[in-house]
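Architecture and fold: a report
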Amino acid sequence: MEKTLTINISGWVFNINEDAYKKLTDYFVKLKKYFSKQEGGDEIVADIESRIAELFKEQNKDKESVIDLTDVEKVMNIMGQADEMEEEVDEIDQNTNKGKNKQKKKLFRDPIHAHIGGVASGLGKYLNIDPILIRILFIATIFTGGVGFFVYLVLWVSIPEATTTSERIEMEGKKVTVQNIEEKVREEAAYIGGRLSEFSEEAKDVYQKTKPVRRQGLKKIENIFKTIGRGLLRVLKFILGLLLFLTGATALAFFAIFYFNWLPGMEFDTFFVNGLSLPVFMNTFIFDGKYAVLALFVISISIFIPIVMLVFMGIRFLFNVKRNKLFGNIAWQVWLVTLIVSFGLSYNTIRAFKSDATRITSYNFNEVSSDTLNIKLNTIGYYRDIVDKNSQEVIGQDILFPILHDGEFYGIPELTIRAGVKDHFEMKVYVEASGENEEEANNNIEKLIYQFSIDSTSIVLNPYFGLQNNKNWRDQEIKIELLIPEGKNIAVDRNIRKHFDLPYYWVKKLKENKADISFWKVQNEDFIKIEADTIIIE
């Protein structure tokens, strides 16, 4: 049965079999013999032992595991032999080992070349630039709002210090070998010696004697800043998490409300809103063709995923939950695919708004024999049915969106009343629509239906124009322009303001007049309010 020993290497306890122990002991004897003749040899050997202990810990993570001869040989191959450094390495070997001596740099704070906390010197090593440039950048940003000071504190807390020679070698992107440890120890000793040579012998003596006290004091200060920095980071993470969570939760609530039509009916002074679910709205007004269902699905997913990710990110920052990379990558890829598919499927819909067409029709009111034109609103039964706020099919009484009622579309006309240049009343109706081309846009105009009636004293305007036998809304609009001659009068029904899309000029005038019917006279191209008893209606 093979004998197992317990040894201590640089403060770490390991179990090792007898053959491996003999091999390792011989290795340490050679190292001590080689470096005993050199200044600082003890420190070099101590650093080598520390690195060997780290390698054994990496290879044998289980406390009960036993180091065997294979483990020792593997570590010796990584570290290199001391006697190999006694011979000159020929040029071929140097070129061969040049690439092997390199590895990925690690970011540490550099305490050897530090002026305060080693942040700038560590970043300089990692980025391969002069740390003086980084220090200048920090100082410059301190005097432009103090950002540099807080950034330095955060980096001081978050970047670990290179406390061992091995870490300072890794900081330069080199492998931790016997040769590199020797070079690093000598380099740092020469650097510190050069800095100390600037002091007098008495100053050097004071420096050496007070070194432990100063290190302890700096350590305390560093711990204080670390504690403060961790607290600030936690507060900032909490605030950011709260903002992300509230934003995501609010967006998710609005998405659900509009997607499933949970919006309660609301009635305002000049319009009402009853809501229309997002699927019905998209399929009715936007999409066209056999891929409408698929287009709705991918667009819904492309909107839903970013909202959910906002909520999850907020929860992560609030409760310090570790990020699930698999879930995040899958969500990102699905979102990207749905976004691309959404644009592809929406191509036909986008093309449906490519061209515009307008048709203008003029009407001369030869039937109106009076000097006063009564402008009335048609309030027959179908109008009351449309504005019934209990109907969940009504999206809103708004010029920008049509109304879906009983399977038919209705839009709200735009009405303008202005002074005319002719000696009789006149009306112009502008009908507009979009389409994939001009011909299709004109066909969409033909599908608009708007009715009004004229008698000897009045014009009665329907509150809506209809769009029948057409499944999709293509920006159809009707604009009505009433031209009133100089010196003529109009009597305006107050309900006109509550429904038609009017210019602000008329909205303000009709709002200031509380009467059901207000009277206006054209003077110098402006409308002057007059009293009803001054008008003689023939």
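Report follows, based on the coordinates. (Residues numbered from 1 in each chain as written. Predicted model: local features only at pLDDT ≥ 70, side-chain atom pairs only at ≥ 80, totals over all residues. Heavy atoms only, no water.)

Looking now at the nonpolar core. In this structure, L373, I375, L415, I417, I490 and F500 are the most contacted members of the largest nonpolar core, which totals 37 residues. The contacts of L373, once residues within four sequence positions are left out, are F365, V368, F425, T457, S458, I459, I484, N489, I490 and A491. Ranked by size, the runner-up nonpolar core spans 27 residues in total, among them F14, I48, M79 and I169. (Core = buried A, V, L, I, M, F, W, Y, C linked by side-chain atoms within 4.5 Å. Buried < 20%, exposed > 50% of the residue type's maximum accessible area, 1.4 Å probe, protein only. Contact = heavy atoms within 4.5 Å.)

Quick reminder: α-helices carry 3.6 residues per turn. Residues three or four places apart thus point the same way. Counted at 1.5 Å a residue, the expected span for helix α13 (residues 325–345) with its 21 residues is 30 Å, and the 30 Å between its end C-alpha atoms agrees. Buried residues of α13: G328, A331, T338 and S342, and no others. Considered in projection along α13, the buried side chains sweep an arc of 100 degrees and stay on one side of the axis. Exposed side chains of α13 directed beyond 90 degrees from the buried face belong to K325, L326, W332 and I340. Against α12 (292–319) lie the buried residues of α13. Taking the backbone nitrogen of L326 as reference, a side-chain oxygen 3.2 Å away marks N324 as the first, capping residue of α13. (Helix = DSSP H or I, 4+ residues; strand = E, 2+ residues; numbered from the N terminus. Expected span 1.5 Å × (residues − 1). Arc of directions from axis to C-beta. Polar contact = N/O pair within 3.5 Å; in protein donor to acceptor, adjacent residues only side chain to side chain.)

A rise of 1.5 Å per residue sets the reference length of helix α6 (residues 131–142), with its 12 residues, at 16 Å; its end C-alpha atoms lie 17 Å apart and thus fit the reference within 8%. Where α6 begins, the side chain of D130 points an oxygen toward the backbone nitrogen of I132, at a separation of 3.0 Å.

This paragraph deals with the environment of N180. Following the sequence through the fold, N180 ends up in helix α9 (residues 178–196). Remark: the alpha-carbon pair of N180 and G80, spanning 100 residues in sequence, is separated by 9.8 Å.

On to the environment of T372, then. By the secondary structure assignment, T372 is in strand β7 (residues 372–377). Overall, the relative accessible area of 1% leaves T372 in the buried class. Of note is the side chain of T372, whose polar atom sits 3.3 Å from the side chain of N489.

Describing an aromatic ring pair means giving the distance of the ring centres and the angle of the ring planes. Scanning the entire structure with this criterion turns up 14 aromatic pairs. Aromatic pair F255 and F304: ring centres 6.1 Å apart, planes at 40 degrees, arrangement tilted. Residue F255 is found in helix α10 (residues 201–260), and its partner F304 is found in helix α12; the two are separated by 49 residues along the sequence. Given the relative accessible area of 15%, F255 is considered buried. Its relative accessible area of 35% is what places F304 among the partly exposed residues. Ring-pair connections join several aromatic residues into one group, and the members of that group are F255, Y259, F260 and F304. (Phe/Tyr/Trp six-rings, centres within 6.5 Å; stacked < 30°, edge-to-face > 60°.)

Turning next to the pattern of salt bridges. As enumerated under the stated definition, the model contains eight salt bridges in all. R351 serves as the salt-bridge partner of E436, at 3.0 Å between the closest nitrogen and oxygen. Here the residue E436 occupies a position in the loop between β11 (426–435) and α16 (438–446), and R351 occupies one in helix α14 (residues 347–351), the gap between them amounting to 85 residues. Among the residues examined, E436 registers a relative accessible area of 31% and is labelled partly exposed. Residue class for R351 comes out partly exposed when judged on its relative accessible area of 25%. Between E426 and K422 there is a salt bridge, and its shortest N-O distance comes to 3.5 Å. Since its relative accessible area comes to 5%, E426 is described here as buried. By relative accessible area, which is 40% here, K422 ends up partly exposed. (Salt bridge = Lys/Arg side-chain N within 4 Å of Asp/Glu carboxyl O.)

What follows concerns the sheet that holds strand β1 (residues 4–9). In a beta sheet, neighbouring strands pair by backbone hydrogen bonds and run either parallel or antiparallel. Spatial ordering of the open sheet is given by β1-β2-β3, a layout of three strands whose pairing is mixed. Unpaired on one side and paired on the other, β1 and β3 (66–67) mark the two borders of the sheet. Two strands pair when backbone bridges link them, and strand β2 (residues 12–17) and β3 are joined in this way by two bridges, in the parallel orientation. In the strand pairing of β3, I16 is matched with I67. (Pairing = 2+ DSSP bridges.)

Looking now at unusual backbone geometry. Unusually for a residue other than glycine, N320 sits at a positive phi of about 55 degrees. Checked against the element boundaries, N320 lands in the loop between α12 and α13. Backbone geometry at N524 places phi at a positive 55 degrees, although glycine is not the residue there. Relative to the assigned elements, N524 resides in the loop between β18 (517–523) and β19 (526–530).

Here we take up the pairing of β2. Alignment of β1 against β2, held across six bridges, turns out to be antiparallel. Bridging across to β2, T4 finds its partner in N17.

Turning our attention to the packing of helix α1 (residues 18–35) against helix α3 (residues 69–79). A pair of packed helices is characterised by two quantities: the angle between their axes and the separation of those axes. It is at 8 Å that the axes of α1 and α3 come closest, and there the two elements cross at 25 degrees. The angle between α1 and α3 falls in the class roughly parallel. Residues D19, A20, K23, L24 and Y27 of α1 form the contact with α3, whose own contacting residues are L69, V72, E73, M76 and M79. Residues belonging to the contact of α1 with α3 are distributed by class as follows: seven nonpolar, no polar and three charged. (Axes fitted to C-alpha atoms, helices over the stretch in contact; angles between N-to-C directions. Parallel < 35°, antiparallel > 145°, perpendicular 65-115°, else oblique. Nonpolar A, V, L, I, M, F, W, Y, C, P; charged D, E, K, R; others polar.)

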